[in-house]
Amino acid sequence: MAQNPCIGTVAKNQATKRLKKSTYEAQGAGPADVVSRGWSSLPVFFPQSEAVVRQLVELGFRGSGDVLRREEFEARAAVAAGLTAAAPQKSLASVGKELKNNFLQALAEREEANRTGKISSIIFIRDLNSHRQEVSAYIDYAHRLTTDDFEVYFSGKKRILPQNTDLSFYNWDRNVSTSNSSPNYQVIAENACGLLFKNKSDRKIINVDPKAYPGDDTTRMPVETDLYLHVVIYDHIVRRGT
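Given the structure is predicted, the values throughout are model-derived calculations rather than measurements.

Conventions used here
- Residues numbered from 1 in each chain as written.
- Predicted model: local features only at pLDDT ≥ 70, side-chain atom pairs only at ≥ 80, totals over all residues.
- Heavy atoms only, no water.
- Helix = DSSP H or I, 4+ residues; strand = E, 2+ residues; numbered from the N terminus.
- Buried < 20%, exposed > 50% of the residue type's maximum accessible area, 1.4 Å probe, protein only.
- Contact = heavy atoms within 4.5 Å.
- Areas by Shrake-Rupley, 256 points an atom, 1.4 Å probe, with all protein chains shown as cover.
- pLDDT = per-residue confidence, 0-100.
- Expected span 1.5 Å × (residues − 1).
- Bend = angle between axes of the 7 residues up to and from the residue.
- Polar contact = N/O pair within 3.5 Å; in protein donor to acceptor, adjacent residues only side chain to side chain.
- Pairing = 2+ DSSP bridges.
- Phe/Tyr/Trp six-rings, centres within 6.5 Å; stacked < 30°, edge-to-face > 60°.
- Axes fitted to C-alpha atoms, helices over the stretch in contact; angles between N-to-C directions.

1. Quick notes on the overall build of the chain
(1) Moving on: Assigned secondary structure in the chain consists of 6 helices and 9 strands.
(2) Moving on: Out of the 242 residues belonging to the chain, those deemed buried represent 41%.
(3) Moving on: For the chain, the share of sequence-separated contacts (at least 6 apart) that also reach a separation of at least 24 residues comes to 49%.
(4) Moving on: Approximately 13,800 Å² of the chain is accessible, and the part contributed by carbon and sulfur atoms is 49%.

2. Topic: the confidence of the model for the chain
(1) Moving on: The predicted model of the chain averages 77 in pLDDT, with 62% of residues at 70 or higher.
(2) Moving on: Predicted confidence for residues 9–48 stays below pLDDT 50, and this span has 77 contacts to residues more than four positions away or in other chains.
(3) Moving on: Contacts for the low-pLDDT stretch residues 84–88, under 50 throughout, to residues beyond four places or in other chains number 2 contacts.

3. With respect to the environment of Leu-145
(1) Moving on: Following the sequence through the fold, Leu-145 ends up in helix α5 (residues 141–147).
(2) Moving on: The spacing of Leu-145 and Glu-111 is 34 residues in sequence and 8.2 Å in space, taken between C-alpha atoms.
(3) Moving on: Ignoring sequence-local partners within four residues, the contact set of Leu-145 consists of Glu-111, Asn-114, Arg-115 and Phe-150.

4. Some thoughts on helix α4 (residues 102–116)
Structurally, the α-helix is built with 3.6 residues per turn, so residues lying three or four positions apart point the same way.
(1) Moving on: Helix length check: α4, at 15 residues, gives a terminal C-alpha distance of 23 Å against a target of 21 Å (1.5 Å per residue), a fit within 8%.
(2) Moving on: Where α4 bends most, at Arg-110, the angle is about 40°.
(3) Moving on: Turning to α4, its buried residues are Phe-103, Leu-104, Ala-106, Leu-107, Ala-108, Arg-110, Glu-111, Ala-113 and Asn-114.
(4) Moving on: Looking at the buried side of α4, the elements it contacts are β1 (119–128), α5, α6 (150–154), β8 (218–222) and β9 (230–237).
(5) Moving on: Two to three positions downstream of the cap, the backbone nitrogen of Phe-103 sits 2.8 Å from a side-chain oxygen, assigning the N-cap of α4 to Asn-101.
(6) Moving on: Of the residues flanking the end of α4, it is Gly-117, one or two places downstream, whose phi is positive at about 85°.

5. Description of the pairing of strand β6 (residues 196–199)
(1) Moving on: Note: strand β5 (residues 185–188) against β6, 4 bridges, orientation antiparallel. If you follow Gln-186 over to β6, its bridge partner there is Lys-198.
(2) Moving on: Bridge count for β6 against strand β7 (residues 205–207) is 3 bridges, and the pairing is antiparallel. Of the residues in β7, the one forming a bridge with Phe-197 is Ile-206.

6. Notes on the packing of aromatic side chains
(1) Moving on: Per the stated rule, a full pass over the model turns up 9 aromatic pairs.
(2) Moving on: A ring pair is formed by Phe-150 and Tyr-153, whose centres lie 4.8 Å apart and whose planes are at 85°; its orientation type is edge-to-face. Of this pair, Phe-150 and Tyr-153 both sit in helix α6, 3 residues apart, roughly one helical turn. Each member of the pair Phe-150 and Tyr-153 is classed as buried.
(3) Moving on: Arranged with centres 6.0 Å apart and planes meeting at 45°, the rings of Phe-150 and Phe-154 form a pair that is tilted. Here Phe-150 pairs with Phe-154, and both are found in helix α6, just 4 residues apart, close to one helical turn. Each member of the pair, Phe-150 as well as Phe-154, is classed as buried.
(4) Moving on: Taken together, the aromatic side chains of Phe-124, Tyr-138, Tyr-185, Phe-197 and Tyr-234 make up a single cluster linked through ring pairs.

7. With respect to the sheet that holds strand β2 (residues 134–140)
(1) Moving on: Sheet architecture is open: 6 strands sit in the order β4-β3-β2-β1-β9-β8, paired in antiparallel fashion. For this open sheet the edge positions go to β4 (176–179) and β8, each flanked by a neighbour on one side alone. Put simply, the sheet's adjacent strands are angled 10° from each other on average, direction ignored.
(2) Moving on: Taken together, the 4 bridges between β2 and strand β3 (residues 168–171) define a ladder with antiparallel strand orientation. Within β3, the position partnered with Val-135 by the bridge is Asn-171.
(3) Moving on: Sitting on the sheet, α4 touches β1, β8 and β9, and the angle it makes with β1 is about 150°.

Right, dumping it as C-alpha cells:
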C-alpha cells in the first residue's frame, strides 16, 4: 500500500549487519534465524541462546556486529537477566473479568502489550457525556493504564470516557477542543493533512484520517460496540532503537 504523503518520507534502514560465524553456530538457532527476527545489530557469541538475545535487544544493548568473546557475552547476559528479574510484573486489570462486550475484549487483548511497551494503542471514542453532550477523544491507552483504575472499566462498573486531558478532545455541542501530548505521543494538530500523532519512541507518525494510510507499523480497527456511538483502535507496533 502506498504511503500517504502526509506521513512524510521516513527512511527505512532495513539493511542488517552480517553476523560473523563462530565455532558454536552448529548448535541451536544460527545467525540467519536471529537476523530474520530483526536482532542482527546485536553481536552474538552463542546463537542458540535466543531467549538471552531477545532480552539483550529489549534492554537496549546494541553492537557492531562482531562476535563477542565468551566472557563478554556472559557478562551482558548476566546484566540482562538481572534487569529482567528486578522489573516487577504488573498485574493485568482484565484478568479474571467476564468480558461480554467487544470493546472491553479488544482492550483486554491489548492490555499486556501496552503495559510492556510492545505496542502503543490510540483509542478513538465518540459518545455522550453526563450532560448528554456529544464528545470525542483520541486516548493514549498505555498512558491511561497508568492513570486510571481499569479494574472498574473491565468489571463494567464504569465506562472509559473522553477527557479534556486526552491526546485530542472535542465537545461537539460546545465546539470546544483541546490537545495534549502524552508520555508516548506528540500531538501534531496544526497540519494541512489533519490531526497526526508522533510516537516518541520510534518517531513514527500515526494518521487517524479514516481515508488515509495510518502509518508505518500501524493498523486501524473499527470496533462494533453498544457501549459507545463510535470506537476505533489504532495499534502501533513500537520499533525500539530506530
